[in-house]
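# Structure at a glance
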Amino acid sequence: MRWCFFNWNVQQGPNQWITDRVDGLITDATNSPFTTVILPYMYMDYPDRKVEWNVWTFDQGLASRVPYESAARTLTQRKQSFSGYTVRQGLAITMEHNFMMTSQGMENFQNQIKQVVGSIQNTNDLDVHMALITAPSYMKQVRERYYLEDYLQKALRDYIDTFGFVQKNMNAMDILIEDTKSLISGWGGTEPDFLMCSNKLCFQLTMTQERTAYLTQGADGKKLLRDGPTMDMYRGLKIVKSKAFSLDEGSAPRDILRRRVRVGEYYTGNLSNLQSVELYDEDSDNFESLSVSKIWHSLVESGSSATDAITSSSCLRCISDNIAAIKNCMDGEDGHQKFSLLLLRPNIEHYMLGLVIGKGGMDHLGATLWGQTEMSVFDDGQHGVWGMTYKYHERAMVFNEVGVCVYVCAYVLCICVCMCVHMCVCVMI
Amino acid sequence: MSVMKWSDSGVEEYIEKCNNVNTNFDGASIICVPILTEECFKSPMPLCNYQDKGTKLLATSDLHIHDIQNYASKQISCNITREALAQVHKTLQMHNDYQIVKDACEAVGVGETTQCRLLYKGTSNFKFKDATNKQTFGCGHHGHDYVGVAAVRNGKSLMAATAPHINISTVDSGAASKPKA
């Protein structure tokens, strides 16, 4: 290594020796669970070509009674063909000329090599995240083929039942995991072996009362407090924590398994003789009162009377047409029309956390394809810098979506977003 | 908790805030809609424009597209209510310019907020001037955390942790032989 850098004038261009070292650092030294457990690296000699794969599905059915000399029901099979390409990517580093003349320069160079390795691995980790969440949904396929009737009703019921599930049920994670296992098993998939989720979701597993009761466990409790309640495996699944990536300039790194969502609620009751409505408010974490005068002033311009209501162009026609009657109803005057008050709250914002459960590996799920790596050395005499460019083909692909189940989402940490209420969401799609 | 004003500026501001899915929502949270009806409201209530065929885009690109229209009609049978909701949807431009609704996986990739226009019945307490009240419990969609660690994590309660009880019992060996009074 030292020789080649002292002789950079003759080593310009592609350098296979350095390339092999960097490749080795990426594939062997990083030990990223995303490219080892979930979608492991698979080297391709010719990554330029199109990657194609076929998925055959043989549905098992029940035999039915058949009269003599009649045709038996034919079992159905499906074949789906997919294809994709790897993507050429690259990074470069530059150093001042003569950097190898000092020990600091050599150390700096070593760190820059590690920086390249870490950056490329980080990019590949992100690709694995994206491959998992954008993989075709086998659940959707099953739904479209077999659960055509009444699916909507069931989906809506599931949505309610699993909403805020992790926060509302102590055993929610266990239920989700076992539910997913049986779901994947029902699809003919193999037993899952990893669970990828956000760090915050791991709190649910590690910070239960049993695991944080340090006082009651004697010497073990002291050790637990010192080491922390770690969780590498849970219910037979390897826990893989998702990473946050700097995806948007100027904003904090974002976890792909954490997303914003707006959901809605409505409240309804009689308007006549109404004094106030109490609703839950996230800001105060309490039920706050909404007075009838505040409701009235949201319907008309401040200072205007019932007869001087806002025009129909600027508000709901049904309100403007009946504004005087609404006022009478609020005041409870004799013979007033019966109005209902509908309070809509369509933008209750939460952060939702997702989790991915599946069986990782090339044989079951997919792979991170890579190849045609090249570390090329260049020298810019005009600016007095020397540098290296590392380019490679890479693409994480999910070949078999039967082996994975994406739950979107499981849990939301409490956030105070202005006036929005409540905190947690759990919905299965 | 803020209430949207049904004025030009109030509506305009709400539309702007609501259509911005790249940042946290910081618009008004409550929309008041008086409706001349006494029929009950079913939960969930799809918030859509019932007269507009573009309402199909309420759902993402799976089966919901085909089912949601029928479902919406079934959930809200009252014409007056449907008309009012359609007006709310139209006035507040909740159709997002009829853009294709992104599902969770698509939206998270680009950092956008997903929106659900199915409104579920929430917990409320209507108090009337004659000192009566009508309390409605939500359908379970939202609610408090279970009492325990999750609530503690969110800073909502204190964990009930005490030192372990030490039970000291003494046996009076002579008590058994003493005659009861």
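The residue numbers shown here count from 1 along each chain, following its written sequence. Ligands are numbered from 1 and chains lettered from A, in the order in which they are written. The predicted origin of the model limits local features to residues at a pLDDT of at least 70 and limits the giving and counting of side-chain atom pairs to 80 or more, whereas totals for whole chains, interfaces and linings rest on all residues. With hydrogens and water excluded, all non-hydrogen atoms of the structure serve as input to the side-chain values.

### With respect to the nonpolar core
We define a nonpolar core as any set of buried Ala, Val, Leu, Ile, Met, Phe, Trp, Tyr and Cys residues linked to one another through side-chain atoms lying within 4.5 Å. To sort residues, take the accessible area from a 1.4 Å probe on protein chains only and compare it with the maximum for the residue type: under 20% means buried, over 50% means exposed, and anything in between is partly exposed. With 52 residues, the main nonpolar core has Leu343(A) and Leu344(A) as its most contacted residues. Element by element, the count of residues in this core is highest for helix α14 (residues 323-331) of chain A, at 5 residues. Two residues qualify as a contact provided that any one of their heavy atoms is within 4.5 Å of a heavy atom in the partner residue. Not counting chain neighbours up to four residues away, the residues in contact with Leu343(A) comprise Glu265(A), Tyr266(A), Tyr267(A), Val277(A), Leu279(A), Leu290(A), Ile30(B), Ile31(B), Cys32(B) and Phe126(B). Helix numbers and strand numbers start at the N terminus; a helix is a DSSP run of H or I with at least 4 residues, a strand a run of E with at least 2.

### Focus: empty space enclosed by the protein
Residue and element names in this part refer to chain A. As defined here, a cavity is a set of points on a 1 Å grid over the protein atoms alone where a 1.4 Å probe fits but cannot get out. A pocket is an open set with protein on both sides within 12 Å along at least five of seven lines, and residues line them when an atom is within 4 Å of a point. Grid points are joined across faces, edges and corners, and a volume is the space filled by probe spheres set on the points. For the coordinates displayed, the defined rule picks out 2 cavities of 30 Å³ or more. Empty space within the second largest cavity amounts to approximately 40 Å³. Within the residue set of the lining of the second largest cavity, elements represented by two or more residues are α2 (16-29), α4 (103-133), β15 (366-380) and β16 (385-398). Residues were grouped as follows: Ala, Val, Leu, Ile, Met, Phe, Trp, Tyr, Cys and Pro as nonpolar; Asp, Glu, Lys and Arg as charged; and all remaining residues, including Gly, as polar. Its residues assigned to classes, the lining of the second largest cavity shows 6 nonpolar, 2 polar and 1 charged.

### Observations concerning the packing of helix α12 (residues 292-299) of chain A against α14(A)
Residue and element names in this part refer to chain A. Their axes nearest at 12 Å, the elements α12 and α14 cross at an angle of 180 degrees. The angle between α12 and α14 places the two elements in the roughly antiparallel class. From α12, Val292, Ile295, Trp296 and Leu299 reach across to α14, where they touch Ile323, Ile326, Lys327 and Met330. A per-class count over the contact of α12 with α14 returns 7 nonpolar, no polar and 1 charged. Simply put, an axis is a line fit to the C-alpha atoms, just over the touching stretch for a helix, and the angle between two N-to-C directions goes from 0 to 180 degrees. Should an angle lie under 35 degrees it is considered roughly parallel, over 145 roughly antiparallel, and from 65 to 115 roughly perpendicular; all remaining angles are considered oblique.

### As for the packing of α2(A) against α4(A)
Geometrically, a packed helix pair is captured by the angle between its two axes and the distance between the axes. Residues and elements named next belong to chain A. At a minimum axis separation of 10 Å, α2 and α4 run at an interaxial angle of 50 degrees. By the criterion of interaxial angle, the relationship of α2 to α4 is oblique. Crossing geometry of α2 relative to α4 is assigned as right-handed. Here Val22, Leu25 and Ile26 of α2 lie close against α4, whose contacting residues are Ile113, Val117, Ile120, Gln121 and Asn124. Looking at the contact of α2 with α4, its residues break down into 6 nonpolar, 2 polar and no charged. Take the far helix as the reference: if the near one is turned anticlockwise from it by less than a right angle, the crossing is left-handed, and if turned clockwise, right-handed.

### Topic: the sheet that holds strand β4 (residues 124-128) of chain B
Strand order in the open sheet formed by 4 strands is β13(A)-β12(A)-β4(B)-β5(B), with antiparallel pairing between adjacent strands. Strand pairing shows two members of the sheet lacking a second neighbour, β13 (286-291) of chain A together with β5 (133-136) of chain B, which therefore form its edges. Pairs of neighbouring strands in the sheet enclose a mean axial angle of 20 degrees, with direction left out of account. Between any two strands, pairing holds if DSSP finds at least two bridges. As paired elements, strand β12 (residues 274-281) of chain A and β4(B) share 5 bridges and run antiparallel to each other. Looking across to β4(B), one finds that Ser276(A) is bridged to Lys127(B). α12(A) rests against β12 and β13 of chain A of the sheet, and its axis sits at about 60 degrees to β13(A).

### A closer look at the environment of Met375(A)
On the secondary structure map, Met375(A) appears in strand β15. Residues Met375(A) and Gln112(A) lie 263 residues apart in sequence; the distance between their C-alpha atoms is 14 Å.

### Examining the state of the cysteines
Cysteine sulfur pairs qualify as disulfides if the two atoms are within 2.5 Å. Considering all chains together, one arrives at 0 disulfides over all chains under this definition. With no disulfide of its own, Cys78(B) lies 9.8 Å from the sulfur of Cys40(B), the closest cysteine sulfur.

### Quick word on a negative patch on the surface
Residue and element names in this part refer to chain B. Any residue with relative accessible area above 30% and no salt bridge may belong to a patch, with like charges joined within 9 Å and the nonpolar Val, Leu, Ile, Met, Phe, Trp and Tyr side chains within 5 Å. Computed by Shrake-Rupley with a 1.4 Å probe, the accessible areas treat only the displayed protein chains as cover when residues are assessed. The term salt bridge refers to a pairing of a side-chain nitrogen on Lys or Arg with a carboxyl oxygen on Asp or Glu at a separation within 4 Å. Positive charges come from Lys and Arg, negative ones from Asp and Glu, while His and the chain ends are left out of the count. In plain terms, the charge of a residue is placed at NZ if it is Lys, CZ if Arg, CG if Asp and CD if Glu. Together, Asp8, Glu12, Glu13 and Glu16 make up a negatively charged patch on the protein surface. Along the chain, Asp8 falls in helix α1 (residues 8-19). For Asp8, a relative accessible area of 48% puts it in the partly exposed group.

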